[in-house]
Amino acid sequence: VQAWLAEQGRGFAIRDAVIPIVPGAVCFDLLNGGDKTWGRFAPYRELGYAAAAAASTSFALGSVGAGLGTTTANFKGGLGSASGTTRDGIRVAALAVVNAVGSVTVGDGPWFWAAPFEVAGEFGGRGSPPSTTPDMLTARLKGAAPAPIESTTLVAVVTDAALTKSQAQRLAIIAQTGFARAIYPAHAPLDGDIVFAAATGEKPVDPLTGLTELGMVAANTVARAIARGVYEATALPFPGALPAWKDKFAR
């Protein structure tokens, strides 16, 4: 990604130098089978460059890209996205790679924890269960003792607001509460969750109430993106692979 940005002349300007700075996070995939004897250099640099070059406003969700091999406790995970707008017209969007140690659904049913925030049936329109049973609140965790599976959910949140660095950090802090609205349990010891926040600087925002509402909408958007990542996923084609939500509940 740094190489692609450098070719476009994009980056942080230090006098005459332009430095592409790219924060990153990964889903660990070195133990998931396949031939990893790459020699001196792994293919990730070329894959990252290709991904940056192919970036578009139109892209697939589910079991694609970083979401290809992701899972949750009971269903296949994936890549999800959603967007929202504040009352002042400030937009915010979230992109989520859902690889959580917990579950995104209520119990083993079709309902998503993020159901209260769903927009236009974007993850099935099933709503919430008519009642909550103790079994639904039982933890469903990926893997089992003594060999639990480390996981992580990665999110990027982008807004067209004009934010300072500290305000962008505050946006990330508030937006991360969306994890707890969509994953049960969230932020477990085996999760390596993270949220990146970026602002394009187009629209002014009130630093108190405006930023608070923006964070609220961002958190709801993150929850929706996480649910969509599972809803849009397809099962991997090998024996014992986790089922996809649609395999079990699609009408």
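Scroll up to find the structure.
In this text the structure is predicted, and so the values were computed from the model without any measurement. (Residues numbered from 1 in each chain as written. Predicted model: local features only at pLDDT ≥ 70, side-chain atom pairs only at ≥ 80, totals over all residues. Heavy atoms only, no water.)

Student: I'm lost on helix H3 (residues 165-175) in this one. Help?
Tutor: Along an α-helix, residues three or four apart share an orientation, since each turn contains 3.6 residues. Among the residues making up H3, those that are buried are Gln167, Ala168, Leu171, Ala172 and Ala175. Down the axis of H3, the sector holding all buried residues measures 145 degrees, keeping them to one side. Opposite the buried face of H3, by more than 90 degrees, sit the exposed residues Ser166 and Gln169. Buried residues belonging to H3 abut strand S7 (154-161), helix H4 (177-182), strand S8 (194-203) and helix H5 (209-231). (Buried < 20%, exposed > 50% of the residue type's maximum accessible area, 1.4 Å probe, protein only. Helix = DSSP H or I, 4+ residues; strand = E, 2+ residues; numbered from the N terminus. Arc of directions from axis to C-beta. Contact = heavy atoms within 4.5 Å.)

Student: It is not clear to me how a nonpolar patch on the surface should be interpreted in this structure. Could you clarify?
Tutor: On the surface, Phe28, Leu30, Leu31, Trp38, Tyr44 and Leu47 cluster together into a nonpolar patch covering about 680 Å² of accessible area. By the element assignment, Phe28 lies in the loop between strand S2 (17-19) and helix H2 (44-54). Judged by its relative accessible area of 62%, Phe28 falls in the exposed class. (Patch = residues over 30% accessible without salt bridge, like charges linked within 9 Å, V, L, I, M, F, W, Y side chains within 5 Å. Areas by Shrake-Rupley, 256 points an atom, 1.4 Å probe, with all protein chains shown as cover. Salt bridge = Lys/Arg side-chain N within 4 Å of Asp/Glu carboxyl O.)

Student: Please clarify how the environment of Val26 should be interpreted in this entry.
Tutor: Along the polypeptide, Val26 turns up in the loop between S2 and H2. Along the sequence, Val26 and Thr153 sit 127 residues apart, while their C-alpha atoms lie 9.4 Å from each other. Not counting residues up to four positions away in its chain, the partners in contact with Val26 are Thr152 and Leu154.

Student: Which parts of the structure should I look at to understand the pairing of strand S3 (residues 79-85)?
Tutor: By the criterion of burial, S3 is predominantly enclosed, with five of the seven residues buried. Sheet topology note: the S3/strand S4 (residues 91-97) ladder contains seven bridges and is antiparallel. Within the sheet, the bridge partner assigned to Ser83 lies in S4 and is Ala93. Where S3 folds back on S4, the antiparallel hairpin that results is connected by five residues, among which Gly89 adopts a positive phi of roughly 85 degrees. (Pairing = 2+ DSSP bridges.)

Student: For this particular structure, what's the right way to read the pattern of salt bridges?
Tutor: Where side chains of opposite charge bring their charged atoms close, a pairing between them can arise. Within the structure shown, the criterion is met by eight salt bridges. The salt bridge involving Arg91 is made with Asp160; its shortest N-O contact spans 3.1 Å. Here Arg91 is found in strand S4, whereas its partner Asp160 is found in strand S7, with 69 residues between them in sequence. A salt bridge links Lys203 to Asp160, with the shortest nitrogen-to-oxygen separation between them at 3.0 Å. Residue Lys203 is found in strand S8, and its partner Asp160 is found in strand S7; the two are separated by 43 residues along the sequence. On the basis of relative accessibility, which here comes to 4%, the residue Asp160 falls in the buried class. Taken together, the shared-partner salt bridges in this structure form one network comprising Arg91, Asp160 and Lys203.

Student: Help me understand the packing of H3 against H5, please; the structure alone is not making it clear to me.
Tutor: Any two packed helices are characterised by how steeply their axes cross, that is the angle between the axes, and by the distance between the axes. Two numbers describe how H3 lies on H5: the axes approach to 8 Å, and their chain directions differ by 45 degrees. By the angle between their directions, the pair H3 and H5 is classed as oblique. The handedness of the crossing between H3 and H5 comes out as right-handed. The segment H3 lies against H5, with Gln167, Arg170, Leu171, Ile174 and Ala175 engaging Leu211, Leu214, Gly215, Met216, Ala218, Ala219 and Val222. (Axes fitted to C-alpha atoms, helices over the stretch in contact; angles between N-to-C directions. Parallel < 35°, antiparallel > 145°, perpendicular 65-115°, else oblique. Left-handed = near helix turned anticlockwise from the far one by under 90°.)

Student: Would you mind going over the packing of aromatic side chains with me for this structure?
Tutor: Between two aromatic rings, the relevant description is the distance of the centres plus the angle of the planes. The final tally for this structure, using the stated rule, is seven aromatic pairs. On the basis of an interplanar angle of 65 degrees and a centroid distance of 5.9 Å, the ring pair of Phe75 and Phe249 is categorised as edge-to-face. One end of the pair, Phe75, is in the loop between H2 and S3; the other, Phe249, is in helix H6 (residues 245-249), and 174 residues separate them in sequence. Phe249 matches Phe75 in its accessibility class, with the two residues each being buried. Residue class for Phe249 comes out buried when judged on its relative accessible area of 14%. Three or more aromatic residues link up through ring pairs in this structure, and these residues are Phe75, Phe112, Phe123, Tyr231, Trp245 and Phe249. For the cation-ring pair, Arg45 lies above Phe41, with the distance from its terminal atom to the ring centre recorded as 4.4 Å. The side chain of Lys246 reaches across the aromatic face of Tyr231, ending 4.6 Å from its centre. (Phe/Tyr/Trp six-rings, centres within 6.5 Å; stacked < 30°, edge-to-face > 60°. Lys NZ or Arg CZ within 6 Å of the ring centre and 35° of its normal.)

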